[in-house]
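One-letter residues, chain by chain:
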Amino acid sequence: MVDPRTLPEDRSEAGFGDYKPALGPAQALAEANRCLYCADAPCVQKCPTGIDIPEFIRKISTGNLKGSARTILDANIFGMSCARVCPVEVLCVGGCVYNEMDAPPIAIGRLQRYATDAALAEDWRYFEAGPDSGRSVGLVGGGPASLAAAHELRRRGHACTIYDAGKWLGGLNTTGVAPYKLRADDALAEVAYVLGIGGIAVESGVQVGRDVTWDALLARHDALFIGVGLGADRTLEIPGKELAGIDGAVAFIEKFKLGRVDLAGVQRAVVVGGGNTAVDAVRELVGLGVPEVTMLYRGDEAAMSGYEHEWKAAKIEGVRSLWHTQPTAYVGRDGRVAGLRCVKLGADKRPLPGQEFEVPAKLVLLAIGQARLGELVAGLGGVQLEGGRLVVDADGATGNPRVFAGGDCANGGKEVVNAVAEGKRAALAIDRALTTGASK
């Protein structure tokens, strides 16, 4: 399903505002005119999709907004969402030469949003399906990797069918991105724009292995692309795990983005983990009105994998932290979690004797990673797993010449922009294979 109007209007994410508000025309023009249009463009080198950043900014500065959006979307059809969710501070903006000149870097993400928001609002169409090639590709998973691949394949005339196990397309863009970056309705509007090229069939609620076999898909299509993302949240196997009020962070985020969550009576919440999902979760809990939110992590602040700029914002918003801390059991009361029993860890990550304590909480979210692929690809000849990830080459090819993959299931959980880049690269490789004689 891709119609944003079918989302509940009273869903919990609707109360969040923009973390980085949109630029107005005068602001965008002034910011675009600051760009030095570097010949070597270090900002482009830092962009996984290789958007010609100086070119799209130059077009904004000359009033060619429609051309600016085309430059972006030709390289990255998910340019609208990436403008909002990309960690630009460590990608394009981090590469801006102004960083070496003690001056504010160009607001590349906000300029990209300015152009792509206009493209979607005005429904500017730049791409059309190529002449029918007579070949078809099945794409498993309905997130940005598969959608980007399908769009690229349609530009080359190949028929595409997306098989997705869920109800809503868009992957984590729709169900998992923090709402102060990207709301579900905006994500679905972008999906509808991508599908607007035509000729991309969608079969929702279809789980491979349950509703259709890999053999059936291979018989139905000339090639397959796997872009299924990661699995369910991992759990802590400690006493009390059956108590109510314990949830995976990714699952919890999906619940309040697509519906409502009831946090009445939750005065204290704890998020276990130190990655980007944990940082998003603590900021979202603050935004949902929980008075006391704590991030609990077994390492220290320097060791956490969450982005520094995001954690800095969380601290400003009042999030607390407990470092070098390991949960050992859940504390329950009347069948519901009431806290975490914990122990302090030494520098060697071993528990320190006599350093046990309790942390009160009526809600505990686990952001300690997601399950990797296991039995999903079992029996798919030539496709291998390593560390829970699909093994692919630089073009997304697996050991099976008819099967390609990209996105989180292959890269282990990177950014949306990585998934888009990998989906597009795989689509180009599939096109080469199909046009040089590969067949069923």
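Refer to the structure printed above.
To keep things clear, this report deals only with the structure shown in the data block. Small disclaimer: the values here were computed from a predicted structure and weren't measured. (Residues numbered from 1 in each chain as written. Predicted model: local features only at pLDDT ≥ 70, side-chain atom pairs only at ≥ 80, totals over all residues. Heavy atoms only, no water.)

Quick word on the nonpolar core
The following threshold applies: Only buried residues count toward a nonpolar core. Its members are Ala, Val, Leu, Ile, Met, Phe, Trp, Tyr and Cys residues joined through side-chain atoms within 4.5 Å. A simple rule labels every residue: compare its accessible area, found with a 1.4 Å probe on the protein chains alone, to the largest value its type can have, and call it buried under 20%, exposed over 50%, or partly exposed in between. Here a helix means four or more residues in a row that DSSP labels H or I, a strand means two or more in a row labelled E, and each is numbered from the N terminus. When checking whether two residues touch, look at their non-hydrogen atoms; a contact exists if any pair is within 4.5 Å.
In this structure, Phe56, Ile57, Ile108 and Leu139 are the most contacted members of the largest nonpolar core, which totals 71 residues. The leading source of residues in this core is helix 16 (residues 416–435), at 9 residues. With sequence-adjacent residues up to four places away left out, Ile108 is seen in contact with Cys43, Ile53, Phe56, Ile57, Cys92 and Val93. In terms of nonpolar packing, the next biggest core, distinct from the first, is built from 29 residues, Ile253, Met295, Ala314 and Trp323 among them.

Some points on the sheet that holds strand 9 (residues 325–333)
Heads up, the rule is: Note on pairing: two strands pair once DSSP finds at least 2 bridges between them. An axis is simply a line fitted to the C-alpha atoms; with a helix, the fit covers only the stretch in contact. Between two such axes, the angle follows the N-to-C directions and lies from 0 to 180 degrees.
Across the sheet, which stays open at both edges, the 3 strands sit in the order 9-10-11 with antiparallel pairing between neighbours. If you trace the sheet from one side to the other, it starts and ends with strand 9 and strand 11 (351–360), each paired once. Strand-to-strand twist across the sheet, computed as the mean angle between neighbouring axes with direction ignored, equals 25°. Two elements, strand 10 (residues 336–345) and strand 11, share 6 bridges in a ladder whose sense is antiparallel. Looking across to strand 11, one finds that Gly339 is bridged to Pro360.

Observations concerning the packing of aromatic side chains
Stated precisely, the cut-off is as follows: Working definition: rings of Phe, Tyr and Trp (its six-membered ring) pair if their centres are within 6.5 Å, and the pair is stacked with planes under 30 degrees apart, edge-to-face with planes over 60 apart, and tilted otherwise.
Tallying each qualifying case throughout the model produces 7 aromatic pairs. Judged by centre distance (5.9 Å) and plane angle (75°), the ring pair of Tyr19 and Tyr180 falls under edge-to-face. With a gap of 161 residues between them, Tyr19 in the segment before helix 1 (25–32) and Tyr180 in the loop between helix 9 (172–175) and helix 10 (184–195) connect regions that are remote in the sequence. Judged by its relative accessible area of 6%, Tyr180 is buried. The interplanar angle of 80° and the centroid separation of 5.8 Å between the aromatic rings of Trp311 and Trp323 together place this pair among those described as edge-to-face.

Re the environment of Gly134
Of note, Gly134 is situated in the loop between helix 7 (108–122) and strand 1 (136–140). Once the C-alpha coordinates of Gly134 and Gly259 are considered, the two residues, 125 residues apart in sequence, prove to be 41 Å apart.

Focus: the packing of helix 12 (residues 249–258) against helix 13 (residues 276–287)
The criterion, for reference: To sort the angles, those under 35 degrees are grouped as roughly parallel, those over 145 as roughly antiparallel, those from 65 to 115 as roughly perpendicular, and the leftovers as oblique. Should the near helix be turned anticlockwise from the far one by less than a right angle, the crossing is left-handed, and should it be turned clockwise, the crossing is right-handed. All amino acids are sorted into three groups, where Ala, Val, Leu, Ile, Met, Phe, Trp, Tyr, Cys and Pro are nonpolar, Asp, Glu, Lys and Arg are charged, and the leftover types, Gly among them, are polar.
At a minimum axis separation of 10 Å, helix 12 and helix 13 run at an interaxial angle of 40°. Regarding the angle of helix 12 to helix 13, the classification is oblique. Considering how the two elements wind past one another, helix 12 and helix 13 form a crossing that is left-handed. Contacts from Ala249, Val250, Phe252, Ile253 and Phe256 in helix 12 reach Thr277, Ala281, Glu284 and Leu285 in helix 13. Per-class residue counts for the contact of helix 12 with helix 13 are 7 nonpolar, 1 polar and 1 charged.

Digging into the sheet that holds strand 15 (residues 403–405)
Spatial ordering of the open sheet is given by 3-2-1-4-15, a layout of 5 strands whose pairing is parallel. Only two strands of the sheet have a single neighbouring strand rather than two, namely strand 3 (200–204) and strand 15. Neighbour-to-neighbour, the strand axes of this sheet turn through a mean angle of 20°, independent of strand direction. With 5 bridges connecting them, strand 2 (residues 159–164) and strand 3 associate as parallel partners. Within strand 3, the residue paired with Thr161 across the bridge is Ala201.

Section: the environment of Val282
Among the secondary structure elements, Val282 is positioned in helix 13. It is 8.0 Å that separates the C-alpha atoms of Val282 and Val270, two residues lying 12 residues apart in sequence.

Structural notes on unusual backbone geometry
Phi is positive for Asp334, close to 55°, though the residue is something other than glycine. Mapped onto the elements of the fold, Asp334 is located in the loop between strand 9 and strand 10. Taking the relative accessible area as the measure of exposure, Asp334 reaches 80% and is therefore exposed. Within the chain, Lys349 stands out as a residue other than glycine whose phi angle is a positive 70°. With respect to the helices and strands, Lys349 occurs in the loop between strand 10 and strand 11.

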